[in-house]
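Residues per chain, in single letters:
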Amino acid sequence: MKPFHLRICLPWLLSLILFIQPLKSSAQQNISQEHATHNKTVFPAFHQERFFGHYKGTLNIYKNANEVGMTATMEIIFGKPITTPPAEKNLNPPLRYPFIIKYDGDIRRYQLVVDAQNPNNLYIDEMNGIHIDAAFFNNTLFSEFTVLNSTIYSSYKFFGDSIQFTLTSQRTQAKSHNKDTLYVVPRINPIDGKITGYDTTEIPAVRSFPFQSYQTATLVRTPNAAPSQGRIDRLHYFPSTFVTARNIDVWLPSDYNPEKKYGVIYLHDGQNLFDGNSTWNHQEWGIDETMSAYKNQDYIIVGIWNDGVNRHSNYFPQKVYESLTDKEKAAIMEAKRQNQSDVFHNPINSDDYLKFIVYELRPFINKTYNTYNDAAHTVIGGSSMGGLISMYGICEYPGVFGTAACFSTHWPGIFEMKNNPIPDAMVRYFKKNLPNPINHKILFTHGTEGLDALYGPTQKRIDQIMAKSGYEIDKYLVDGTFLPGDWKTQVDQGLGHEESTWQKQFKDNAAFLLTPPPLTKDPNEIGN
């Protein structure tokens with residue numbers, strides 16, 4: 001259980017972010033009032049493009065005035081308003097700015113609600129019936145929350161590219177422009193030590209909160225991916241009942257038309273696809289450039305971020321693992337990387353990861369964008385472990401995915417080949433579960449350097465299964481007639497395990513991947 005003073009601040013102190021700008025001058029306020037008179041939206045001062053974004057930092061949690069007791073990671077995402085006031089007369093709906101607070105592993109979703117005609121009237125909606133007032137001036141947001149007989153005070157100061165946060169149990173005598181003392185009170189008061197929607201196990205009584213304790217953090221704005229072609233809609237920490245929440249980047253072509261239907265390509269490791277300036281290794285797939293250059297079919301890209309520590313557990317084919325003996329399973333779970341860190345930090349849950357895509361993410365995408373929902377126009381793809389889960393995905397859900405793009409498929413599963421039972425288990429699974437070639441297409445690629453040097457022997461065994469199962473490669477008849485295939489295996493000599501390889505291979509095979517297989521009714525088809 002987290003220390004009490006760490007948990008007390010979570011729902012309210014963090015929610016106050018991102019609305020930190022000077023109050024309007026009296027002249028500006030007059031303009032706002034004039035707009036209100038004409039039923040026009042008056043955007044609050046914090047409604048500026050440079051304020052929207054993702055901020056990260058380390059929270060210092062003090063156990064006394066001078067000594068840090070512990071630290072925690074802290075992230076805040078502030079988005080553009082999700083409610084656009086209608087133009088009809090006499091309607092005054094609120095502007096609702098979504099924001100997400102990630103506090104270590106805990107993700108909370110809130111909305112900052114602002115009166116569309118009076119931007120000084122704002123509050124924090126905790127999405128559970130609790131509304132907390134907030135106020136701001138001089139680039140700083142001030143708030144306080146009272147539980148029982150104690151009050152917690154917090155402030156956020158915005159500098160344009162960073163935010164400084166402070167939590168304290170001592171009042172800050174903030175002065176407004178007219179010299180009045182700023183005082184903010186909660187809209188809903190606690191009853192018998194409880195807050196509506198919470199009990200004291202979640203929000204402990206503040207009376208035990210050390211008077212001298214406080215918390216501080218500097219949160220730095222992180223850049224979003226900036227594609228050179230098209231645009232990206234980022235879904236921050238998309239929620240799931242199956243796996244941990246994660247970011248989703250939806251790439252739309254520059255001429256995206258909501259009246260037109262699009263196919264969908266789901267790609268794993270979504271943070272590495274579009275912009276090398278925002279990736280950990282400064283490399284990218286260049287998906288946006290390739291997609292923009294290929295005009296024969298209309299597709300959008302759904303880049304599913306991995307969540308770091310659970311990547312291997314999410315991507316390792318679960319039924320392959322379950323087919324191993326108990327001794328083999330134990331050895332696999334003890335596997336190490338070359339730097340001696342653990343390969344698996346948590347149990348394998350790729351079945352749940354695929355359920356997340358099929359039953360949660362895919363319906364949202366199909367509802368939000370004008371897409372085909374048939375398997376023929378739905379591609380799943382990725383590299384390395386992402387190639388492995390893509391192969392597994394088309395086998396487990398042949399009625400959802402018509403095409404699989406498996407780049408540098410990591411057939412060993414771990415990083416040791418000696419006495420490794422996984423490749424044989426992969427071959428057995430694939431032989432038994434390969435989808436019907438009549439309405440499916442599969443691409444395999446790999447290089448010959450680095451990790452890719454491990455893949456050749458297993459890939460040749462997979463290729464034999466493909467051929468025996470009725471899959472065919474491109475061919476020309478004697479009369480010159482071209483017959484497109486439903487399977488390709490591409491080996492690039494001298495290329496290694498990196499984004500530049502997969503960028504080339506995706507570009508090489510765009511026509512293959514973006515030409516749908518025959519549209520036939522699959523008995524395993526899953527609707528929206």
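Above this text is the structure in question.
These numbers were taken from a predicted model, which means no experiment stands behind them.

Participant: Explanation requested: the layout of surface pockets in the structure shown.
Facilitator: The gaps left among the atoms become clear once a water-sized probe is rolled over them. When its volume is computed, the second largest pocket comes out at roughly 890 Å³. The leading source of residues in the lining of the second largest pocket is strand β12 (residues 231-238), at six residues.

Participant: What's the story with the side chain of Thr-403 in this structure? I'm lost.
Facilitator: On the secondary structure map, Thr-403 appears in strand β17 (residues 403-407). Contact partners of Thr-403, with chain neighbours within four places excluded, come to Thr-378, Val-379, Ile-380, Ile-394, Lys-441, Leu-513 and Pro-517.

Participant: Would you explain the environment of Gly-79 in this entry?
Facilitator: Along the chain, the position of Gly-79 falls in the loop between β2 (68-78) and β3 (94-103). Measuring from C-alpha to C-alpha, the distance between Gly-79 and Glu-49 comes to 9.5 Å, with 30 residues separating the pair along the chain. Setting aside anything within four residues of it in sequence, one finds Gly-79 in contact with Phe-52, Tyr-97 and Pro-98.

Participant: Honestly, the sheet that holds strand β21 (residues 487-492) in this entry has me stumped. Any pointers?
Facilitator: Two strands in a sheet stick together by hydrogen bonds in their backbones, pointing the same way (parallel) or opposite ways (antiparallel). The sheet built from eight strands is open, its strands ordered β12-β13-β15-β14-β16-β17-β18-β21 with mixed pairing. In the strand order of this sheet, the two ends are held by β12 and β21, each with one partner. Strand after strand, the sheet turns through a mean of 15° between neighbouring axes, direction not considered. Of the strands in this sheet, β18 (441-447) and β21 touch helix α11 (residues 456-468), which is tilted by about 160° from β18.

Participant: Mind showing me how you'd approach the packing of helix α9 (residues 385-396) against helix α10 (residues 422-433) here?
Facilitator: Orientation of α9 relative to α10, taken along the N-to-C sense of each, is 30°, at an axis distance of 10 Å. With respect to α10, the axis of α9 lies roughly parallel. In terms of crossing hand, the pair formed by α9 and α10 is left-handed. Residue-level contacts link Leu-388, Met-391, Tyr-392, Cys-395 and Glu-396 of α9 to Met-426, Tyr-429, Phe-430 and Asn-433 of α10.

Participant: Sorry if this is basic, but what is going on with the pattern of salt bridges here?
Facilitator: One side chain can pair with another of opposite charge once the charged atoms of both are near each other. Under the counting rule described, the total for this entry stands at 14 salt bridges. Salt-bridge contacts for Glu-49 lead to Lys-80; the nearest nitrogen and oxygen are separated by 3.1 Å. Here the residue Glu-49 occupies a position in the loop between α3 (26-37) and β1 (53-62), and Lys-80 occupies one in the loop between β2 and β3, the gap between them amounting to 31 residues. Overall, Lys-80 belongs to the partly exposed group, its relative accessible area being 46%. Through salt bridges with shared partners, a single network forms among Lys-319, Asp-351 and Glu-396.

Thresholds applied
- Residues numbered from 1 in each chain as written.
- Predicted model: local features only at pLDDT ≥ 70, side-chain atom pairs only at ≥ 80, totals over all residues.
- Heavy atoms only, no water.
- 1 Å grid on protein atoms, 1.4 Å probe; cavity = no way out; pocket = protein on both sides within 12 Å on 5 of 7 lines; lining within 4 Å.
- Points joined across faces, edges and corners; volume = space filled by probe spheres on them.
- Helix = DSSP H or I, 4+ residues; strand = E, 2+ residues; numbered from the N terminus.
- Contact = heavy atoms within 4.5 Å.
- Pairing = 2+ DSSP bridges.
- Axes fitted to C-alpha atoms, helices over the stretch in contact; angles between N-to-C directions.
- Parallel < 35°, antiparallel > 145°, perpendicular 65-115°, else oblique.
- Left-handed = near helix turned anticlockwise from the far one by under 90°.
- Salt bridge = Lys/Arg side-chain N within 4 Å of Asp/Glu carboxyl O.
- Buried < 20%, exposed > 50% of the residue type's maximum accessible area, 1.4 Å probe, protein only.

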